[in-house]
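# Inside the fold
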Amino acid sequence: MEPGLHFELTAATRPVLIRAGQYAIADRNFETNYLLEDFHALHLYSYAGQIRTSAGTLHAIAPGDVTLTPAGVATRYALEKAGKGEHLCVHFELARGEGLFLPFLTPARMLQPQQMIADFKEMIELFQESDRPESWIAAENLLLTLLYRLQRAHSAARPADSRIIELLEYLDRHSHRVPAVAALARRFGVSQTHLARK
């Protein structure tokens, strides 16, 4: 199964920033195994290459792409060009849950790359001033904002549920009557809860 992060986001389960910085990498042949046992990692890339997860999945990465590696998932890199590439990196804690999901890779085309870069850099600067409580809070708020933007980008990119589209067309054709939610849910094969959210 491809890694991603299932999590709950409430006032009590905010992300906790552990480390933030800009790091160089020169791996060309998947030689180094990177593994954080206790923390999740968010990376924003400035180079092209490939990343292999411990699940064996290979992803092409390009400048502006973002990966979210859950705690306990190992990764290995192969940069496209010789020399060092740099990426912006954040390590954080966030309780797992079932409410939201972020996949492993978010391509730059789904994001506003310049905004993401600016937010990452500001978060790193604030983290470096973390001896000031207001800087720490601001850095964690930016992390929360970044996670929200990633989740929103994926939610917007998901194709519409065809059953819901069929249901809406049905309602248009039969607008003269008001069917029960339970009856609609049965007819179109969705749960009443799912239907109520749509």
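Heads up: these notes are all about the structure in this document. (Residues numbered from 1 in each chain as written. Predicted model: local features only at pLDDT ≥ 70, side-chain atom pairs only at ≥ 80, totals over all residues. Heavy atoms only, no water.)

Broken down by element type, the chain carries five helices and ten strands. Taken across its 198 residues, the chain has 40% of its residues classed as buried. Sequence separation of at least 24 residues holds for 78% of the intrachain contacts in the chain that already meet a minimum separation of 6. Surface exposure of the chain reaches about 11,100 Å², of which carbon and sulfur atoms provide 52%. (Helix = DSSP H or I, 4+ residues; strand = E, 2+ residues; numbered from the N terminus. Buried < 20%, exposed > 50% of the residue type's maximum accessible area, 1.4 Å probe, protein only. Contact = heavy atoms within 4.5 Å. Areas by Shrake-Rupley, 256 points an atom, 1.4 Å probe, with all protein chains shown as cover.)

Turning next to the sheet that holds strand 4 (residues 49-53). One key point about sheets: their strands pair by backbone hydrogen bonds, in either a parallel or an antiparallel sense. Here three strands make up an open sheet; going across it, the order is 5-4-7 and the pairing antiparallel. One side of each edge strand has no neighbouring strand; the edge strands of this open sheet are strand 5 (58-61) and strand 7 (75-79). Averaged over all adjacent pairs, the angle separating strand axes in this sheet is 25°, with direction ignored. Both strand 4 and strand 7 contribute to a ladder of five bridges, which runs antiparallel. Bridging across to strand 7, Ile 51 finds its partner in Tyr 77. (Pairing = 2+ DSSP bridges. Axes fitted to C-alpha atoms, helices over the stretch in contact; angles between N-to-C directions.)

Pairing within the open sheet is antiparallel, and its five strands lie in the order 2-8-3-6-10. One side of each edge strand has no neighbouring strand; the edge strands of this open sheet are strand 2 (16-25) and strand 10 (105-106). Where strand 3 (residues 40-45) lies against strand 8 (residues 85-93), six bridges are found, and the strand directions are antiparallel. The partner of His 43 across the bridge, within strand 8, is Cys 89. In the packing of helix 1 (residues 113-128) onto the sheet, the strands contacted are strand 2, strand 3, strand 6 (66-69) and strand 8, and the crossing angle to strand 2 comes to about 115°.

Looking now at the pairing of strand 8. Counted residue by residue, strand 8 has seven buried out of nine residues, so it is predominantly covered. Sheet topology places strand 2 next to strand 8; nine bridges connect them, and they run antiparallel. Each bridged residue has a counterpart across the sheet, and for Ala 24 the counterpart in strand 8 is Glu 86.

It is worth spelling out the pattern of salt bridges at this point. Taken as a whole, this structure holds three salt bridges when the rule is applied. In this structure, Asp 119 and Arg 149 form a salt bridge, with 2.0 Å as the shortest nitrogen-oxygen distance. Of the two residues, Asp 119 is situated in helix 1 and Arg 149 in helix 2 (residues 133-157); the sequence distance between them amounts to 30 residues. On the basis of relative accessibility, which here comes to 5%, the residue Asp 119 falls in the buried class. Judged by relative accessible area, which is 23%, Arg 149 ranks as partly exposed. Between Arg 132 and Glu 134 there is a salt bridge whose closest N-O contact spans 3.0 Å. A residue is classified by how much of its surface remains accessible, and Arg 132, at 40% relative accessible area, is partly exposed. By relative accessible area, Glu 134 is classed as partly exposed at 46%. Residues joined in a network through salt bridges with shared partners are Glu 129, Arg 132 and Glu 134. (Salt bridge = Lys/Arg side-chain N within 4 Å of Asp/Glu carboxyl O.)

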